[in-house]
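Residues per chain are reported as follows:
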Amino acid sequence: MSEPLVGRMRGFGTTIFAEMSALAAATGAINLGQGFPDEDGPRGVLRRAVEAIEGGRNQYPPGPGLPVLREAVAAQRLARYGQSYDPETEVLVTVGATEAVAAAILALVGPGDEVIAFEPFYDSYAASVALSGATLCPVTLRPEGGRFTFDPDELRRAVTPRTRAILVNSPHNPCGTVFTRQELAAIAELCVDRGLLAITDEVYEYLVFDGVEHLPLASFPGMRERTVTISSAGKTFSVTGWKTGWVCAPAPLVAAVRTVKQFLTYVGAGPWQEAVAHGLAHETAWVEELRRSLQAKRDRLIEGLESVGFQVFRPEGTYFVQADLRPLGHDDGLAFARALPERTGVVCVPTQVFYADPARGRHYVRFAFCKRAEVIDAAVARLKGSPPG
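Residues numbered from 1 in each chain as written. Predicted model: local features only at pLDDT ≥ 70, side-chain atom pairs only at ≥ 80, totals over all residues. Heavy atoms only, no water.

If you look the protein up in an unreviewed UniProt entry, it shows as N-succinyldiaminopimelate aminotransferase from Actinocorallia herbida. Looking at the Cofactor (unreviewed entry) heading of the UniProt record, one finds this comment for the protein: "pyridoxal 5'-phosphate". Looking at the protein in UniProt, the text filed under Sequence similarities (unreviewed entry) is "Belongs to the class-I pyridoxal-phosphate-dependent aminotransferase family." (UniProt positions renumbered as here; feature names shortened; annotations may be inferred.)

A tally of helices and strands in the protein yields 12 helices and 15 strands. Against the compact-globule benchmark of 21 Å for 389 residues, the protein has a radius of gyration of 20 Å, which places it among compact chains. Every one of the 389 residues in the protein was classed for burial, and the buried ones make up 57%. Residue pairs at least 24 apart in sequence account for 75% of intrachain contacts in the protein once pairs closer than 6 positions are excluded. Computed over 39 positive and 44 negative side-chain charges, the separation of the two mean positions in the protein equals 2 Å. (Helix = DSSP H or I, 4+ residues; strand = E, 2+ residues; numbered from the N terminus. Rg over C-alpha atoms; globule rule 2.2 N^0.38 Å. Buried < 20%, exposed > 50% of the residue type's maximum accessible area, 1.4 Å probe, protein only. Contact = heavy atoms within 4.5 Å. Lys, Arg positive; Asp, Glu negative; His and termini not counted. Charge placed at Lys NZ, Arg CZ, Asp CG, Glu CD.)

Another point: the sheet that holds strand β9 (residues 227-232). Backbone-to-backbone hydrogen bonds pair the strands of a sheet. The strands run either parallel or antiparallel. Pairing is mixed across the open sheet formed by 7 strands, whose spatial order is β2-β10-β9-β8-β7-β3-β4. Of all strands in the sheet, those bounded by a partner on one side alone are β2 (91-94) and β4 (135-140). The sheet shows a mean angle of 20° between the axes of neighbouring strands, direction not considered. Examined bridge by bridge, β2 and strand β10 (residues 245-248) share 4 bridges and lie antiparallel to one another. Directly across from Val 93, in β10, lies its bridge partner Trp 246. Relative to β2, helix α3 (residues 67-81) is tilted by about 120°, and along the sheet it contacts β2, β9 and β10. (Pairing = 2+ DSSP bridges. Axes fitted to C-alpha atoms, helices over the stretch in contact; angles between N-to-C directions.)

Relative to the assigned elements, Thr 140 resides in strand β4. Take Thr 140: its relative accessible area is 6%, and that puts it in the buried class. Polar side-chain contacts of Thr 140 include one of 2.6 Å to the side chain of Glu 119. There is a polar contact of 3.5 Å between the side chain of Thr 140 and the side chain of Arg 360. Those residues within four positions of Thr 140 in sequence are excluded, and the remaining contacts are Glu 119, Thr 149, Phe 150, Glu 154, Tyr 355 and Arg 360. (Polar contact = N/O pair within 3.5 Å; in protein donor to acceptor, adjacent residues only side chain to side chain.)

Applying the stated criterion to the full structure yields 26 salt bridges. The partner of Glu 205 in a salt bridge is Arg 77, with the nearest N and O atoms 3.4 Å apart. Residue Glu 205 is located in the loop between β8 (197-201) and β9, and its partner Arg 77 is located in helix α3; the two are separated by 128 residues in the primary sequence. Neither residue differs from the other here; Glu 205 and Arg 77 are each classed as buried. Residue Arg 162 is joined to Glu 114 by a salt bridge in which the shortest nitrogen-to-oxygen separation is 3.7 Å. One end of the pair, Arg 162, is in the loop between α6 (152-158) and β7 (163-169); the other, Glu 114, is in strand β3 (residues 114-119), with 48 residues separating them in the sequence. On the basis of relative accessible area, Arg 162 is assigned to the partly exposed category, the value being 44%. Judged by relative accessible area, which is 10%, Glu 114 ranks as buried. The structure contains a network of salt bridges with shared partners spanning Asp 210, Arg 298, Asp 299 and Arg 314. (Salt bridge = Lys/Arg side-chain N within 4 Å of Asp/Glu carboxyl O.)

Pasting the structure below:
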């Protein structure tokens, strides 16, 4: 029998997250690879989900999502960013941000188009672009002044007559960069000048540190009408397994995304939607405490990794720290990450898998700090006990 997988997907096997989590389970290692918290979200949110299940709200919700959640999302965008979206026509509930990104790409780009994305990029981006038949064109984020950023000239050169859209992830996974006003203005100016659509992944919008501010690209001049803004509840409320996300965009763009989304998952779970609506309206104090806690855990992990010998980049947001292996005498992150669980009892993720050309990120690995302090301390103790250098 010939290879059953269609050609455009043959470069995509099991995700690195599944591989490294399986290694953690097989070796008993501490999993600082996949980005999921080890503590539950706010009790009020969890109770709302239970009440909805026990109250019999277990059948299909409306295709665009429950009105209560769409209204809560619209209210959140207005209160937090001053952006006005009509919950009836400009907000769509999705099964997490991953589905939202996939549905947006499949709806808005196609064969012959090009999509720009900043690398390293979350692995679903490349897969979604491949499914659409379009071509992914990477613009590389490189270290500068202790953070990862892009060259505006390189970004401009990446645009061709075939460019249809640009994917923007800020706060950025895996680099931890939160794009500045100047960086976002450069992206916005280019989109307006060249008539590009923007698809923004903002799932870490609340989880920013050191007084850094998250700014939605859609809030820049000329961008509301051309931007599909995506976020979700998983990171904000520490309920990553609920897979409840949303799209905010002008009505024609939402209608296009909804056309695709309905044939992917049709609808998402109703009880989670009720609970997330409650969270957006009533649990912002809990989220702020989560942000403070994560900043402290970030600092705790950075101190530990530096004491082992890694060069560490201090992230401005997200769950993740980027570490350079070269001071330890290593330059192959994939080999290093695969050996680390057996050698030290700790799991990380090789960043090179998030690059179009893995050689550009070969010497980086990613560690997650969205864990209890004692788990981070135990991981650092294992690294010190069996140094990976």
